[in-house]
Structure formats: structure tokens, C-alpha cells
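Listed below are the residues making up each chain.
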Amino acid sequence: MTAFHIAPAVADAFPDTLIAVVTATGLRGHESWPDTTTALQDLEQQLADGTWQPADETDPRIEAWHTAYRSFGTNPRRIRPSVDALGRRFMKKGTLPRINPAVDSYNAVSVYHGLPAGAFDLDHVTGDVDIRYADGTEEFTPLGEPGTVENPKPGEIIYTDTNGVLTRHWNHRDAHRTRVTEDSTHVAFVLETLHATRDGHLLKAAALELQGLLAPHAEQTAVYYLSPDQPQVTVWGPAPVPRLGLAAGKLSQVP
């Protein structure tokens, strides 16, 4: 069993937080994911046509994360929230990165809805996952840098398990140890908003869209929600909701 938990201090500081945890078990990362391919291509075509573009730091969804980063001592223009960095890269290059189908799926949903997203290979998570303030003694090895060890600054918000830090600066960068690859079969994906009152419907639509991209390539998928009112969920077990499909890889427009 793996539980995700928001620490009371984080819940108090960000009382309108809502986090979707989308799980996939029996994931098949080596097969073709045509719906994800279509979703990526559709977004790239919309950007090229000028009919859509990613949210930037003037958008309330991104601005809220910049404000949060500053509150725990991180400069968001130097170390950007994940969705902000992804959107800027997309605008500059005109294409989204192709990493592997699972990562490509959450990147597409993240950039389209302007919501930070990440993922953890649960087979490499030790114990439970806490979202809390760092005390400065924790260790973090960044994605793609297996020989590097960093210490988050005291007061920085992190995801962590009993073995170390899983993300720094809340959602800036994931750890190498729990990275999602084509071989990952049991994965938890997270989508986040700091303003559930305003953007909760957007987060829930995004979570179901991600589930729809994952479901054809998994034995089982599920969606759970974390908030200050429900600060802990256990994600290793039977799916609490049925699998939902996403037709033709289309990402829905939510008003």
C-alpha cells in the first residue's frame, strides 16, 4: 500500500489546494499509444495555426504557482514550475518532447490545461509519499543526473518518501530514482492546482483525460483526490472508479 499525504503546515498555507492522483497498474509502455500521439500532434498543430497557445506567467493558473514558489524562497523565473517550463519550451520549439508514452501523455494534458503534472514509478517508491516542507537534511538526485545529490533548502516544499526527495520546489523537477520509463508498470501521476474553487473543474477534467489516455494500455486505472479536507489517500488497491476512454486522443476544452 502507498499513501499520499499533505502535511498540515502545507494544507494550512495553501488551503485551496487540490491534487489529483491518477494511478495505472499493469502499464504497457512498449506498445504504440496512438491516442497520445494524436493528442501531441493536435496541440502542435493548434500552436502552429495560432488557434491556441500554452498558458504563460500572466495566466492566473501559472501566476499562482509563481506566488507559491516565492513564498518558500524559490525564484520562479529561475526555477520554474513544471508546467511553466514546459509551456515556454513548447512556445520556443513548436513541438512537445517525446520521452515515452506515459510521460508524453501527462505532458500533453499538463500543458493543455495549464496545470503542473508529474509521475512516480511506485515500484521504486519506499513507504508513503509526503508533501511537506523540507528541513534541509533531505537528499535529492535529479532526473537524468544519477551521480548528483542535492539538499533542498529548509522551508522548500517537496514530495518525499522514506528514502529521499521525489520532487523539489513542489513540482519543478522529479527524482531520478522514481522516474517513469517504458518499463514502468505501476505508476502514480499527479496533477495540481492551488485554486480548487476556481480551477477544480479543470483539474478533474484533466485527470479524467489522462486516465483516458492511460486506460487502453493498463490493466487498471483509478483517480483519487487530495485536499486539505482529505489530506491522505491510499493508492495501492482496487480502483474506486471505472476506467474511462478518450476518443481519438482529443483533449476536451473546459470553460
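Our structure's up above, just so we're on the same page.
The text that follows walks through the structure, step by step, so that each part is easy to find. (Residues numbered from 1 in each chain as written. Predicted model: local features only at pLDDT ≥ 70, side-chain atom pairs only at ≥ 80, totals over all residues. Heavy atoms only, no water.)

Next up on the list: the overall build of the chain. Scanning the chain from terminus to terminus reveals six helices and 10 strands. A compact globule built from 255 residues should have a C-alpha radius of gyration of about 18 Å, and the chain, at 17 Å, falls within 12% of that. Expressed as a percentage of its 255 residues, the buried residues of the chain come to 54%. Look at the contacts in the chain between residues 6 or more apart in sequence, and 73% of them connect residues 24 or more apart. (Helix = DSSP H or I, 4+ residues; strand = E, 2+ residues; numbered from the N terminus. Rg over C-alpha atoms; globule rule 2.2 N^0.38 Å. Buried < 20%, exposed > 50% of the residue type's maximum accessible area, 1.4 Å probe, protein only. Contact = heavy atoms within 4.5 Å.)

Counted residue by residue, strand S5 (residues 157-161) has five buried out of five residues, so it is predominantly covered. Judged by which residues are buried, S5 turns out to be covered on both faces: Ile157, Tyr159 and Asp161 on one side and Ile158 and Thr160 on the other are all buried. The pairing of strand S4 (residues 129-133) with S5 spans four bridges and is antiparallel. From the neighbouring strand, Tyr133 faces S5, where its bridge partner is Ile157. Here S5 pairs with strand S6 (residues 164-168) via three bridges, running antiparallel. (Pairing = 2+ DSSP bridges.)

What follows deals with the nonpolar core. In this structure, Phe4, Ile19, Val21, Tyr159, Trp170 and Leu226 are the most contacted members of the largest nonpolar core, which totals 30 residues. If you list the elements that add at least two residues to this core, you get strand S1 (3-6), helix H1 (8-13), strand S2 (18-25), helix H3 (60-71), S4, S5, strand S8 (186-193) and strand S9 (220-226). When residues in this core are grouped by element, the largest group, four residues, is from H3. Excluding residues that lie within four positions of it along the chain, Val21 makes contacts with Phe4, Ala188, Phe189, Val190, Ala222, Val223, Tyr224, Leu226 and Val235. Of all hydrophobic cores here, the second largest spans 25 residues; its members include Ala20, Trp33, Val103 and Val223. (Core = buried A, V, L, I, M, F, W, Y, C linked by side-chain atoms within 4.5 Å.)

Before going further, it helps to examine the sheet that holds S2. Pairing in this open sheet of four strands is antiparallel, and the strands run S3-S8-S2-S9 from one edge to the other. At either end of the open sheet lies a strand with only one pairing partner, and these are strand S3 (117-121) and S9. Adjacent strand axes in the sheet meet at a mean angle of 20 degrees, parallel and antiparallel pairs treated alike. Sheet analysis places S2 next to S8, joined by eight bridges and oriented antiparallel. (Axes fitted to C-alpha atoms, helices over the stretch in contact; angles between N-to-C directions.)

Right, let's get into the side chain of His176. The residue His176 is located in the loop between strand S7 (173-174) and S8 in this model. Of the polar contacts made by the side chain of His176, one reaches the backbone nitrogen of Gly144; its length is 3.0 Å. Once you skip the residues sitting within four places of it in the chain, His176 turns out to touch Thr141, Pro142, Leu143, Gly144, Glu145 and Pro146. (Polar contact = N/O pair within 3.5 Å; in protein donor to acceptor, adjacent residues only side chain to side chain.)

This part takes up the packing of helix H2 (residues 34-49) against helix H5 (residues 101-113). Running from amino to carboxyl end, H2 crosses H5 at an angle of 40 degrees, the nearest separation of the two axes being 9 Å. Two packed elements cross with a definite hand, and for H2 against H5 that hand is left-handed. Contacts between H2 and H5 involve Thr36, Leu40, Leu43 and Gln46 from the former and Pro101, Asp104, Ser105, Ala108, Val111 and Tyr112 from the latter. Its residues placed into classes, the contact of H2 with H5 shows six nonpolar, three polar and one charged. (Left-handed = near helix turned anticlockwise from the far one by under 90°. Nonpolar A, V, L, I, M, F, W, Y, C, P; charged D, E, K, R; others polar.)

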